[in-house]
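What follows is the residue order along each chain.
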Amino acid sequence: MESTRLNKIGRLLQKELSDLFLLQTKALHGTLVSVTAVRVSPDLSLAKAYLSIFPSEKAVEMLATIESNKRTLRYDLGQRVRLQLRKIPELAFFLDDSLDYVENIDKLLNS
């Protein structure tokens, strides 16, 4: 069970990561990266960020790019939240394909 403190830290990290991805993807026209959820471990050592990438054809390529820039993202995140958090957690990124799943179900129901 997650505590209120972990939920607040997760929401803070979600907001700041969303801002970072918005700034980085402005140069890539037609690509949108949104952070759907961030789950933080109880000892604040790991933050699992779930990303929704549009269009989904570019999702695997974009996730590989994000993984290769993980250290830079963690540093930038640390600069943004250094007054709220003492320890910046390690970042792990996962694809959130729930929107694709919903779209597929909708398509099946309509046909």
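Presented here is an overview of the structure given in this document.

The rules behind the values
Residues numbered from 1 in each chain as written. Predicted model: local features only at pLDDT ≥ 70, side-chain atom pairs only at ≥ 80, totals over all residues. Heavy atoms only, no water. Helix = DSSP H or I, 4+ residues; strand = E, 2+ residues; numbered from the N terminus. Buried < 20%, exposed > 50% of the residue type's maximum accessible area, 1.4 Å probe, protein only. Contact = heavy atoms within 4.5 Å. Polar contact = N/O pair within 3.5 Å; in protein donor to acceptor, adjacent residues only side chain to side chain. Phe/Tyr/Trp six-rings, centres within 6.5 Å; stacked < 30°, edge-to-face > 60°. Core = buried A, V, L, I, M, F, W, Y, C linked by side-chain atoms within 4.5 Å. Salt bridge = Lys/Arg side-chain N within 4 Å of Asp/Glu carboxyl O.

**A look at the overall build of the protein chain**
- Helix and strand content of the protein chain: four helices and three strands.
- Put simply, the protein chain runs from its N terminus to its C terminus through helices and strands in the order α-β-β-α-α-β-α.
- Out of the 111 residues in the protein chain, the part that is buried amounts to 33%.
- Expressed as a percentage of contacts within the protein chain between residues at least 6 apart in sequence, the contacts between residues at least 24 apart total 60%.

**Examining the side chain of threonine 25**
- Inspection of the secondary structure puts threonine 25 in helix α1 (residues 4–25).
- Within the local environment of threonine 25, its side chain forms a polar contact with the backbone oxygen of phenylalanine 21, the two atoms lying 2.7 Å apart.
- When neighbours within four sequence positions are excluded, threonine 25 is seen to be in contact with Thr31 and Val33.

**Focus: the packing of aromatic side chains**
- In total, this model carries two aromatic pairs according to the counting rule given.
- Each ring, one from phenylalanine 21 and one from phenylalanine 93, has its centre 6.0 Å from the other, and the planes form 70°; the classification is edge-to-face. One end of the pair, phenylalanine 21, is in helix α1; the other, phenylalanine 93, is in strand β3 (residues 90–95), and 72 residues separate them in sequence.
- Taking relative accessible area as the criterion, phenylalanine 21 reaches 2% and is therefore assigned buried.
- Relative accessible area serves as the criterion here: at 5%, phenylalanine 93 is assigned to the buried category.

**Topic: the nonpolar core**
- If you look at the biggest cluster of nonpolar residues, it comprises 26 residues, and the most contacted ones within it are Leu13, Leu17, Phe21, Val38, Leu51, Ile66 and Phe93.
- Here isoleucine 66 is in contact with Phe21, Val33, Leu51, Leu73 and Phe93, once residues within four sequence places are set aside.

**Some remarks on the environment of alanine 47**
- Looking at the secondary structure, you find alanine 47 in strand β2 (residues 46–54).
- Relative accessible area serves as the criterion here: at 1%, alanine 47 is assigned to the buried category.
- A sequence separation of 59 residues divides alanine 47 from aspartate 106, and the C-alpha atoms of the two residues are 32 Å apart.
- Alanine 47 has contacts with Leu13, Val38, Arg39, Val40, Pro89, Glu90, Leu91 and Ala92, leaving out every residue within four places of it along the chain.

**Topic: the pattern of salt bridges**
- Considering all chains together, one arrives at six salt bridges under this definition.
- When the shortest N-O distance is used, the salt bridge between lysine 15 and aspartate 19 registers 3.4 Å. Here lysine 15 and its partner aspartate 19 are both found in helix α1, four residues apart, which amounts to about one turn of the helix.
- Note on lysine 15: relative accessible area 48%, which makes it partly exposed.
- Between aspartate 19 and arginine 80 there is a salt bridge; the shortest N-O distance is 3.8 Å. Here the residue aspartate 19 occupies a position in helix α1, and arginine 80 occupies one in helix α3 (residues 70–81), the gap between them amounting to 61 residues.
- In this structure aspartate 19 comes out as partly exposed when scored by relative accessible area, which is 28%.

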